[in-house]
Amino acid sequence: MLILLPPSEGKTPAVKGAAVDWSSLGFPDLNPARAKVLEALGTISAHEDALDLLGVGASLRDDVVRNTRLHAEPAAPAHRIYSGVLYDALGYRTLTTAQRRKADESVLVVSALWGAIRFGDSVPAYRLSMGTALPDVGRLATFWKPQLSEALASVVGDQLLVDCRSSTYAAAWAPPAGQTVSVNVFTEAGGVRKVVSHFAKHTRGELARHLLSRRGKAPSTPAGLLKAARERWTAELVPGTARKPHALNIVLPG
């Protein structure tokens, strides 16, 4: 089983430590593409209109300035750098040693800067969204799609993929539909369902934690994932097609 997560938009910078060691990152075949994105990000972040070009507000000016020196910024494991609702709900720090090891092996973060990294890969905090277009790179989702398809093919194998990414990050890589389950979250009251945003992030983080911490074997099929999800939530499975992944719908009380 592999759990696919989006990065958090907000990140917690490492206070001290060595800079990123490219040779230690997972999926080293992506390093040339990573270097190209990093260079383009540094260039655009030094521009006088960098905030507008990156689509961020003035409160994030320090984050954008940090983008210009990422080669030298302290790095830390991805599970420490990424923060926010989903990652708080996953709660890596409160997992047992065995569960953390499982997370390091099972969680992949699809990133606008790094393409894809494992949970234990050390990277610096940065500010970049997958919806951004960079000079000489173009729209990042379009840029990364062929890169990720090639680099991740051998890693995926026949494993079940639990896709907790947002649509922005899902656009960067379409894994094999037959073994992929996208996770949707709804609230329901009076027979009426509504799509939720904040609670979706939180619930996806809780689902990831549940899958990493529950006893027994990890689910290996969409039906197995449904069974695991029903240990905690009301859930249903919508079968996929040859081109469309299965969907796990988690339904919360409205």
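Definitions and limits used
Residues numbered from 1 in each chain as written. Predicted model: local features only at pLDDT ≥ 70, side-chain atom pairs only at ≥ 80, totals over all residues. Heavy atoms only, no water. Helix = DSSP H or I, 4+ residues; strand = E, 2+ residues; numbered from the N terminus. Rg over C-alpha atoms; globule rule 2.2 N^0.38 Å. Buried < 20%, exposed > 50% of the residue type's maximum accessible area, 1.4 Å probe, protein only. Contact = heavy atoms within 4.5 Å. Areas by Shrake-Rupley, 256 points an atom, 1.4 Å probe, with all protein chains shown as cover. Lys, Arg positive; Asp, Glu negative; His and termini not counted. Charge placed at Lys NZ, Arg CZ, Asp CG, Glu CD. Arc of directions from axis to C-beta. Phe/Tyr/Trp six-rings, centres within 6.5 Å; stacked < 30°, edge-to-face > 60°. Lys NZ or Arg CZ within 6 Å of the ring centre and 35° of its normal. Pairing = 2+ DSSP bridges. Polar contact = N/O pair within 3.5 Å; in protein donor to acceptor, adjacent residues only side chain to side chain.

For the protein, the name recorded in an unreviewed UniProt entry is Peroxide stress protein YaaA, with Pseudarthrobacter equi as its organism.

Trainee: I tried to follow the overall build of the protein on my own but got confused; where do I start?
Mentor: From N to C terminus, the protein includes ten helices and twelve strands. Here the protein has a C-alpha radius of gyration of 18 Å; the compact-globule value for 254 residues is 18 Å, and the two agree. Counting only C-alpha atoms, the protein reaches 50 × 40 × 35 Å along its principal axes. The 254 residues of the protein split such that 52% are buried. Residue pairs at least 24 apart in sequence account for 67% of intrachain contacts in the protein once pairs closer than 6 positions are excluded. A total accessible area of about 12,000 Å² is found for the protein, and carbon and sulfur atoms account for 51% of it. Positive and negative side-chain charges in the protein, numbering 30 and 22 respectively, have mean positions lying 8 Å apart.

Trainee: Could you clarify how one ought to interpret helix H6 (residues 97-106) in this entry?
Mentor: Buried residues of H6: Gln 99, Lys 102, Ala 103 and Ser 106, and no others. An end-on view of H6 places all buried positions within 100° of arc, on one side of the element. Those residues of H6 that are exposed and angled more than 90 degrees off the buried face are Thr 97 and Glu 105. Tucked inside the fold, the buried residues of H6 contact strand E1 (2-5), strand E3 (107-111) and helix H9 (198-213).

Trainee: What should I look at first to understand the environment of Leu 207 in this one?
Mentor: Of note, Leu 207 is situated in helix H9. Sequence separation between Leu 207 and Leu 226 is 19 residues; the distance between their C-alpha atoms is 11 Å. Residues within four places of Leu 207 in sequence aside, it is in contact with Val 162, Val 183, Ala 229, Trp 233, Leu 248 and Ile 250.

Trainee: What am I meant to see in the packing of aromatic side chains here?
Mentor: Enumeration over the complete set of coordinates arrives at six aromatic pairs. Ring centres of Tyr 87 and Phe 119 lie 6.1 Å apart, and the angle between their planes is 35°; on these two criteria the pair is classed as tilted. In this pair, Tyr 87 sits in helix H5 (residues 85-90) while Phe 119 sits in the loop between strand E4 (115-118) and strand E5 (122-123), placing the two residues 32 residues apart along the sequence. Each member of the pair, Tyr 87 as well as Phe 119, carries the same accessibility label: buried. Note that Lys 11 overlies the ring of Tyr 126, its terminal NZ or CZ placed 4.4 Å from the centroid.

Trainee: Help me understand the pairing of strand E9 (residues 180-189) in this model?
Mentor: Sheet faces and side chains relate simply in a regular strand, where the side chains alternate between the two faces. Across three bridges, the pairing between strand E8 (residues 161-163) and E9 is parallel. Pairing of Val 162 across the sheet is with Val 181, part of E9. Looking at chain direction, E9 and strand E12 (residues 246-253) are connected through eight bridges and run parallel. Among the inter-strand pairings, Phe 186 is bridged to a residue of E12, identified as Val 251. As paired strands, E9 and strand E10 (residues 192-195) are joined by four bridges and run antiparallel to one another. Looking at the pairing, Thr 187 lines up with Lys 194 of E10. Hairpin connection from E9 to E10: two residues lie between these consecutive antiparallel strands, with Gly 190 at a positive phi of about 60°.

Trainee: Sorry, what's going on with helix H10 (residues 222-229) here?
Mentor: Because an α-helix packs 3.6 residues into every turn, residues spaced three or four apart end up facing the same way. Turning to H10, its buried residues number three or more, namely Pro 222, Leu 225, Leu 226, Ala 228 and Ala 229. The buried residues of H10 occupy one face: seen down the axis, they fall within an arc of 165°. Exposed residues pointing more than 90 degrees away from the buried face of H10 are listed as Ala 223 and Lys 227. In this fold, the buried residues of H10 make contact with E8, E9, H9, strand E11 (234-238) and E12.

Trainee: It is not clear to me how the side chain of Arg 165 should be interpreted in this structure. Could you clarify?
Mentor: With respect to the helices and strands, Arg 165 occurs in the loop between E8 and helix H8 (167-170). Polar side-chain contacts of Arg 165 include one of 2.8 Å to the side chain of Asp 163. Leaving out residues up to four positions away in the same chain, Arg 165 has contacts with Leu 4, Leu 5, Pro 6, Val 110, Ala 170, Trp 173, Pro 175 and Arg 204.

Trainee: Got a minute to help me understand unusual backbone geometry in this structure?
Mentor: Residues apart from glycine generally show negative phi values, whereas peptide bonds are mostly found in trans. Positive phi, normally seen in glycine, also occurs at Phe 27, with a value near 55°. Tracing the backbone shows Phe 27 in the loop between E1 and helix H1 (31-45). For Phe 27, a relative accessible area of 8% puts it in the buried group. Unusually for a residue other than glycine, Asp 136 sits at a positive phi of about 65°. Its location among the elements puts Asp 136 in the loop between strand E6 (133-134) and strand E7 (138-139).

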